[in-house]
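Chains, contacts and geometry: an overview
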Amino acid sequence: MKKFYDPEYDRIVDESVPKKQYEWFKNQSWFHKTYEQFLADNFLNEDMTEIQ
């Protein structure tokens, strides 16, 4: 499973964390980002580089 750095909590997480967060956000009427946009805006790659 792919891993990401979560700067909000300063930790490495597996892909289930951003997917779970995205599931909550996409159910909000004001949220209109794709999963890829959400991931790039809120997480970094495991090596702390930006997600492209």
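See the structure shown above.
Anyway, here's the lowdown on the structure attached to this text.

Conventions used here
- Residues numbered from 1 in each chain as written.
- Predicted model: local features only at pLDDT ≥ 70, side-chain atom pairs only at ≥ 80, totals over all residues.
- Heavy atoms only, no water.
- Pairing = 2+ DSSP bridges.
- Helix = DSSP H or I, 4+ residues; strand = E, 2+ residues; numbered from the N terminus.
- Salt bridge = Lys/Arg side-chain N within 4 Å of Asp/Glu carboxyl O.
- Buried < 20%, exposed > 50% of the residue type's maximum accessible area, 1.4 Å probe, protein only.

Below, the discussion takes up the pairing of strand β2 (residues 11-14). Sheet analysis places strand β1 (residues 3-6) next to β2, joined by 4 bridges and oriented antiparallel. Counterpart to Y5 in the pairing with β2 is I12. Counting the residues in the hairpin turn of β1 and β2 gives 4 residues, including D10, whose phi is positive at 50 degrees.

One pass over the structure, following the stated rule, counts 2 salt bridges. For E23, the salt bridge is made with K26, and the minimal N-O distance between the two is 3.4 Å. Of this pair, E23 and K26 both sit in helix α1 (residues 16-26), separated by 3 residues, roughly a single helical turn. When its relative accessible area of 40% is taken as the criterion, E23 is described as partly exposed. Close ionic contact of K33 with D41 constitutes a salt bridge, the shortest N to O distance being 2.4 Å. Residue classification places D41 among the partly exposed residues on the basis of a relative accessible area of 48%.

Without other data, these values stay purely geometric and don't point to any function.
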